[in-house]
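# Structural overview
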Amino acid sequence: QVQLVESGGGLVQAGGSLRLSCAASGRTSSISRMGWFRQTPGKEREIVATIAWGGGSPVIADSVKGRFTISRDDALVYLQMNSLKAEDTAAYYCAARFSGRSSYDSWGQGTQVTVSS
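Below, the structure is looked at part by part.

Definitions and cut-offs
- Residues numbered from 1 in each chain as written.
- Predicted model: local features only at pLDDT ≥ 70, side-chain atom pairs only at ≥ 80, totals over all residues.
- Heavy atoms only, no water.
- Pairing = 2+ DSSP bridges.
- Helix = DSSP H or I, 4+ residues; strand = E, 2+ residues; numbered from the N terminus.
- Axes fitted to C-alpha atoms, helices over the stretch in contact; angles between N-to-C directions.
- Buried < 20%, exposed > 50% of the residue type's maximum accessible area, 1.4 Å probe, protein only.
- Polar contact = N/O pair within 3.5 Å; in protein donor to acceptor, adjacent residues only side chain to side chain.
- Contact = heavy atoms within 4.5 Å.

### Thoughts on the sheet that holds strand E1 (residues 2-7)
- Strand order in the open sheet made by the four strands is E1-E3-E8-E7, with antiparallel pairing throughout. Taken across any chain shown, the strands that pair with only one partner, and hence form the sheet edges, are E1 and strand E7 (68-73). Taken pair by pair, the neighbouring strands of this sheet meet at an average axis angle of 15 degrees, ignoring direction.
- Bridging between E1 and strand E3 (residues 18-26) involves six bridges; their strand directions are antiparallel. Across the sheet, the residue bridging to Glu6 is Cys22, located in E3.

### Some remarks on the side chain of Ser106
- Inspection of the secondary structure puts Ser106 in strand E10 (residues 104-107).
- Residue classification places Ser106 among the buried positions, given a relative accessible area of 11%.
- At 3.0 Å, the side chain of Ser106 and the backbone oxygen of Val2 are in polar contact.
- Discounting chain neighbours no more than four positions away, the residues touching Ser106 are Val2, Leu4, Cys94, Ala95, Ala96 and Phe98.

### Focus on the pairing of strand E8 (residues 76-81)
- In the sheet, E3 pairs with E8 via six bridges, with the strands oriented antiparallel. Considered in E8, the bridge of Arg19 is made with Gln80.
- Direction of pairing for E7 relative to E8: antiparallel, over a ladder of six bridges. Along E8, the bridge assignment pairs Arg72 with Val77.
- Where E7 folds back onto E8 in an antiparallel hairpin, the turn is made up of two residues, including Asp74, whose phi is positive at roughly 60 degrees.

### Quick look at the environment of Pro41
- Along the polypeptide, Pro41 turns up in the loop between strand E4 (31-39) and strand E5 (46-52).
- For Pro41, a relative accessible area of 83% corresponds to the exposed category.
- For the pair Pro41 and Ala90, spaced 49 residues apart in sequence, the C-alpha separation works out to 8.3 Å.

### Some points on the pairing of E10
- Here strand E9 (residues 90-98) pairs with E10 via three bridges, running antiparallel. Paired with Ala95 across the two strands is Trp107, which belongs to E10.
- Hairpin connection between E9 and E10: a loop of five residues separates the two successive antiparallel strands, and Gly100 in this loop has a positive phi of roughly 85 degrees.

See the structure below:
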């Protein structure tokens, strides 16, 4: 069992920055990859960035490439968001994928990011 808790969301003006954190606890040794996702009402959940639990092989979605970065430090996974735009407004979730699994099976409760234009 893995527990994920996100923090760092909030209200920011367009062009500003936020850093989201995801604290993982429990059986973290079973995690193979971590991801950040986002969702707005009425839209499908969108993958934003993923990173291997070892901290390597980051993958950034084209929609945020050049503005967002993902990193990991011990049991924390960060999403650094720069040059924020109004369309980045969403609930952001971190999730864990486990060894031998193809889907992200453990999810945090989410943190809201609102970008005012």
